[in-house]
Amino acid sequence: MTTETVSPPSTRQRFRAALLKAWEPYRSVPLLGWLVAILVAVGLERLVGLPLAYLLGMSKVPALLGVVVVLSDPIRIPSVLIYILLIYVVPIGLVARFTAPLFNRIAAYLMRYPLLVTALVHLLLLYADLHLWASISDYRILVARLTMIAIIVTLSLNLVNGYMGEFSCSHPGFMALGAYTASVFTLVLFVNDNRFGEAIFPPSWGPYFFPVGLVLGGVVSAIGALLVAIPSFRTRGDYLAIISLAFMFVVKSLFENMEVVGGARGVANQPDYATLPIVFVWTVLSVWIMNNFVRSTMGKALNAVRDDELAATAMTVDTRKTKMVAFLFAAFWAGVAGGLFAHVLHYINPDTFGIRKLAEVLAMVYFGGLNSVTGSIVGAVSLNLISEALRPLEIYKWIIIPIMLILIMIYRPTGLVAFTEFEIEKLFLPKGETSKGAGHGTA
Amino acid sequence: MALLEVRNMTHWFGGLRAVHNYNLTIEKGQIRGLIGPNGAGKTTIFNLITGVYHPTEGTILLEGEDITHLEPNEIASRGLGRTFQNMRLWRYLTVLEHVKMARYSKLTYGLVGAFFGTAKREAEEKANTELAMELLDLVGAAQFADQLVTSLPYGIQRRVELARALATEPKVLFLDEPTAGMNPEELIQMMEIIRKVHDQIGMAIFLIEHRMKFVMELCETIQTLNFGEVIAEGTPEEIRNNPVVIEAYLGKEVEV
Ligand SMILES: Nc1ncnc2c1ncn2[C@@H]1O[C@H](COP(=O)(O)OP(=O)(O)OP(=O)(O)O)[C@@H](O)[C@H]1O
Ligand SMILES: [Mg+2]
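Residues numbered from 1 in each chain as written. Chains lettered and ligands numbered in written order. Predicted model: local features only at pLDDT ≥ 70, side-chain atom pairs only at ≥ 80, totals over all residues. Heavy atoms only, no water.

## Let's talk about unusual backbone geometry
Residue and element names in this part refer to chain B.
1) Next: Positive phi, close to 55°, is recorded for Arg88, a residue that is not glycine.
2) Next: With respect to the element layout, Arg88 can be found in the loop between strand E6 (80-82) and helix H3 (95-101).
3) Next: In this structure, Phe227 is a non-glycine residue whose phi angle is positive, near 45°.
4) Next: Within the secondary structure, Phe227 sits in the loop between strand E9 (221-226) and strand E10 (229-234).
5) Next: A relative accessible area of 68% places Phe227 in the exposed class. (Helix = DSSP H or I, 4+ residues; strand = E, 2+ residues; numbered from the N terminus. Buried < 20%, exposed > 50% of the residue type's maximum accessible area, 1.4 Å probe, protein only.)

## Remarks on the site of ligand 1
Residues and elements named next belong to chain B.
1) Next: Close contacts around ligand 1 come from 14 residues, with Gly39, Lys42, Thr43, Thr44 and Gln85 the closest.
2) Next: Contact distances for ligand 1 include 2.5 Å between an oxygen atom and a side-chain N or O atom of Thr44.
3) Next: A distance of 3.1 Å is found between an oxygen atom of ligand 1 and a side-chain nitrogen or oxygen belonging to His210.
4) Next: Those elements that place two or more of their residues in the shell around ligand 1 are strand E2 (16-26) and helix H1 (42-49).
5) Next: Top element by residues in the shell around ligand 1 is H1. It accounts for three residues.
6) Next: Looking at the shell around ligand 1 residue by residue, the classes come out as five nonpolar, seven polar and two charged. (Near = heavy atom within 4 Å. Polar contact = N/O pair within 3.5 Å; in protein donor to acceptor, adjacent residues only side chain to side chain. Nonpolar A, V, L, I, M, F, W, Y, C, P; charged D, E, K, R; others polar.)

## Regarding the sheet that holds strand E1 (residues 4-13) of chain B
Residues and elements named next belong to chain B.
1) Next: Overall, antiparallel pairing links the four strands, which are arranged E2-E1-E4-E5 in an open sheet. Whereas interior strands pair on both sides, the edge strands pair on one side only; in this sheet they are E2 and strand E5 (65-66).
2) Next: Pairing analysis gives two bridges linking strand E4 (residues 57-62) to E5, with the strands arranged antiparallel. Bridging from a neighbouring strand, Leu61 pairs with Asp66 of E5.
3) Next: Where H1 meets the sheet, it contacts E1, E2 and E4, and its direction lies at approximately 115° from that of E1. (Pairing = 2+ DSSP bridges. Contact = heavy atoms within 4.5 Å. Axes fitted to C-alpha atoms, helices over the stretch in contact; angles between N-to-C directions.)

## Notes on the side chain of A:Asn371
All names here are of chain A.
1) Next: Of note, Asn371 is situated in the loop between helix H14 (355-368) and helix H15 (373-389).
2) Next: By relative accessible area, Asn371 is classed as buried at 7%.
3) Next: A distance of 2.8 Å separates the side chain of Asn371 from the side chain of Arg306, its partner in a polar contact.
4) Next: Ignoring sequence-local partners within four residues, the contact set of Asn371 consists of Asn158, Gly162, Tyr163, Asn303, Arg306, Phe419 and Thr420.

## Side note on the environment of A:Phe422
All names here are of chain A.
1) Next: Of note, Phe422 is situated in the loop between helix H16 (397-411) and helix H17 (424-427).
2) Next: When the C-alpha positions of Phe422 and Ala63 are compared, they lie 30 Å apart, and in sequence the two are 359 residues distant.
3) Next: Not counting chain neighbours up to four residues away, the residues in contact with Phe422 comprise Val287, Asn291, Arg295, Val373, Thr374 and Leu427.

## What to know about the coordination of the magnesium ion (ligand 2)
Residue and element names in this part refer to chain B.
1) Next: Surrounding the magnesium ion (ligand 2) are the protein donor atoms Thr43 (OG1) and Gln85 (OE1), at 1.9 to 2.2 Å. One end of the pair, Thr43, is in helix H1; the other, Gln85, is in the loop between E6 and H3, with 42 residues separating them in the sequence.
2) Next: Looking at Gln85, the relative accessible area reads 33%, which means it is partly exposed. (Donors = N, O, S within 2.8 Å, 3.2 Å for Na, K, Ca; no water.)

## What to know about the sheet that holds E9(B)
Residues and elements named next belong to chain B.
1) Next: Across the sheet, which stays open at both edges, the six strands sit in the order E6-E7-E8-E3-E9-E10 with mixed pairing between neighbours. The open sheet has two edge strands, E6 and E10, and neither has a second partner. Neighbour to neighbour, the strand axes of the sheet diverge by 20° on average, direction disregarded.
2) Next: Each of E6 and strand E7 (172-176) touches helix H6 (residues 154-167); the most contacted strand, E7, lies at about 155° to it.

## A word on the confidence of the model for chain A
Residues and elements named next belong to chain A.
1) Next: For chain A, the mean per-residue pLDDT works out to 89, and 95% of the residues sit at or above 70.
2) Next: Ranking the elements of chain A by mean pLDDT puts helix H3 (residues 67-72) last with 75 and helix H10 (residues 276-295) first with 97.
3) Next: Across residues 434-443, confidence stays below pLDDT 50; counting only partners more than four residues off in sequence or on other chains, it has six contacts. (pLDDT = per-residue confidence, 0-100.)

## Some points on the nonpolar core
1) Next: A:Phe327 and A:Leu340 are the most contacted members of the largest nonpolar core, which has 187 residues in total.
2) Next: With 16 residues, the single largest contributor to this core is helix H13 (residues 319-345) of chain A.
3) Next: Excluding its chain neighbours within four sequence positions, the residues that come into contact with A:Phe327 are A:Val160, A:Met164, A:Ser168, A:Ser170, A:Phe174, A:Ala225, A:Val228, A:Ala229, A:Phe233 and A:Leu240.
4) Next: Residues B:Val6, B:Ile26, B:Leu80 and B:Ile208 belong to the second largest nonpolar core, which totals 27 residues. (Core = buried A, V, L, I, M, F, W, Y, C linked by side-chain atoms within 4.5 Å.)

## Observations concerning the domain arrangement of chain A
Residues and elements named next belong to chain A.
1) Next: Segmentation of chain A into domains returns domain 1 (15-111) and domain 2 (138-427).
2) Next: Taking the mean C-alpha position of each, domain 1 and domain 2 sit 32 Å from one another.
3) Next: Listed as interface residues are eleven residues of domain 1 and, on the opposing side, ten residues of domain 2.
4) Next: Carbon and sulfur atoms make up 73% of the area that domain 1 and domain 2 hide from each other, which totals about 800 Å².
5) Next: For domain 1, the biggest contributors to the area lost against domain 2 are Ala63, Leu64 and Leu71; these three give 55% of the whole.
6) Next: The tally of links from domain 1 across to domain 2 stands at one salt bridge.
7) Next: One salt bridge connects Glu45 with Arg140, and the closest N-O pair in it is separated by 3.0 Å. (Domains from an automatic or database assignment. Buried area = accessible area lost by both parts, 1.4 Å probe. Salt bridge = Lys/Arg side-chain N within 4 Å of Asp/Glu carboxyl O.)

## What to know about the domain arrangement of chain B
Residues and elements named next belong to chain B.
1) Next: Domain annotation of chain B identifies domain 1 (1-79 + 170-256) and domain 2 (90-157).
2) Next: Averaged C-alpha coordinates put domain 1 and domain 2 at centres separated by 28 Å.
3) Next: On the side of domain 2, seven residues touch domain 1, which itself brings ten residues to the contact.
4) Next: In this assembly, domain 1 packs against domain 2 so that about 670 Å² is buried in total across both faces, 64% of it on carbon and sulfur atoms.
5) Next: Here domain 1 and domain 2 share two residue pairs in polar contact (both at pLDDT 80 or more) between them.
6) Next: Among the elements that take part in the side of domain 1 that touches domain 2, helix H7 (residues 184-201) stands out by supplying six residues, more than any other.

## Observations regarding the pattern of salt bridges
1) Next: This structure, assessed with the given rule, holds 27 salt bridges over all chains.
2) Next: Across the pair B:Lys126 and B:Glu130 runs a salt bridge whose closest N-O atoms are separated by 3.7 Å. Highlighted residues: B:Lys126 and B:Glu130, both in helix H5 (residues 119-139), separated by four residues, approximately one helical turn.
3) Next: The class for B:Lys126 is exposed, based on a relative accessible area of 54%.
4) Next: Classification of B:Glu130 as partly exposed rests on a relative accessible area of 45%.
5) Next: One network of salt bridges, in which partners are shared, links A:Arg295, A:Lys300, A:Glu421 and B:Glu97.

## Concerning a nonpolar patch on the surface
1) Next: Residues A:Ile395, A:Tyr396, A:Trp398, A:Ile399, A:Ile400, A:Ile403, A:Ile406, A:Leu407, A:Ile410 and A:Tyr411 make up a contiguous nonpolar surface patch of roughly 1,100 Å² in combined accessible area.
2) Next: As for its placement among the helices and strands, A:Ile395 is situated in the loop between H15 and H16. (Patch = residues over 30% accessible without salt bridge, like charges linked within 9 Å, V, L, I, M, F, W, Y side chains within 5 Å. Areas by Shrake-Rupley, 256 points an atom, 1.4 Å probe, with all protein chains shown as cover.)

Written as structure tokens, this is what we have:
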């Protein structure tokens, strides 16, 4: 027995224990329950958010959990905290906790149907949450769409820098190819524009052909990727980093010198095709397809090639093909994301796709976690929101974000949630009635 | 026609002649051994036959077809499976994923299956999982299927590597020092596993070993290599009593 060494728990340990205990009932909340709880909260914000904000002395609903308000006007901290508590924390906590048994039963019931049905139910709820939350302000709609696009870009770069273990810098270039291709496609065909002339088809057809433009952008970007891949993957070695960096600059100066697409001034007037639901659908589609890929033996071959290329070839893996496919595939999605991006901002110029964009995307990949779909989602969402929220700090933002990155690199060198699998089928499972945490829950 | 035939193979690393005028024939189901002092060129011969290097001179025929200039993955898919002296397992793949990976060239679901998760892919991945589990069972590593290899004991890692090589469905299995670094108990187990695998699957085996007990018991014939040249070839009995071999190699070996 080691009774003599037992000292009274430190405050930190007690705090931890209290947190764990408080969290205990929420362990049994299934994803379905959380989504519905959030729906209640954002619905509530919709109904009483503005009056409550006025009451607390704010001029509008705090957009991103009030960080912006707090940073520009610290005196508002109590108001923001009360707002968050009343609108988000309490409703979500209550609903999630007390509906858990119900939604566990529903989740169990859904399990009887094909995975697709369950997935659709969850996705519809997720979209409803997002829609209700975002539609309170144009700003939120913009942030939500840019964040989802960032997810596509981050995940696709993770394929190369994480799953394949090479270092590629060409993603802004791929985004540019996709953005310009999709922009020209819609502007020439469906828009009366003073640069590209009269629309060739009725503008009302535009939204229906938008996917074609995006895919075209993806394809052009994949063709661009071929130019990087052929010299880079011919021989072993670290040529990719240099060649891809060069590619990024070449693409940028290519567009700077192309007067048809406005040169350095860029292209504007992209119609508003990339609405919230459209961006949502493309994001879901891209995550689903990329996740499928990395979980197949063909996709896992990337890991084998990364961890030991010689062993991979000896086990029949065609290493060159594996790398090529993944690289082109990643470029395709970066191109699609670029197309969406152009139609969200309604304006692009070559400068948009430079070294700053590269730094942003790399940061999201390494922050969220290498070799992980979840990691890329976490990285893209958190860095995007943080960077939006820290906007009032202006120049200091560019001190805080790098410091965060450095801390991550020190304490978690592969990122927040690296090397995990995104197991969709487990996500939707009902949660056991606190049976998992049996060790804690004794009163 | 021999299953595998190597004719007059010579290989230079720059100014170093690592292999000189090497010949080999392996028939179906044979177990043959390759011994020799450190740096004799044994691993280099494996690397040449399996396509890691292309020989400066000579031809390699598998079932009569010239495979001398094929890439390692093509040679592997045609039926030359191998393990490595220093194992070369994959850091971030589980045991099961290791074995399934060696089925890469047999996958037919293509990119469509990889991207969209078709029924064909499900079926193929499932069949491969079953086959991989059988192989893991055969080498006695099935209970570690879901673990990362880095967390496993050395002896188990060797078995995983063997199962992985078996998953390529080799006609000839090349084992480069399969008992390197093992304790005597693990060595006996490995010997039994190789026997069992050979009995059940019946492929030919070509193995490099330093442990004489192991080679002498398993192999029908043994080649002895010194400075890249075969200095003796014969049954274990003949090799054991060959004065040239004793002088070049066995004389220094404590374990005989
Ligand atoms: N890639 C290479 N480049 C240059 N020299 C090499 C290369 N690979 C092996 N050699 C040399 O070729 C010779 C034979 O090496 P090899 O690894 O085939 O020996 P081995 O018989 O397997 O030895 P061991 O019992 O130590 O494994 C050695 O002198 C080695 O240094
Ligand atoms: Mg060797």
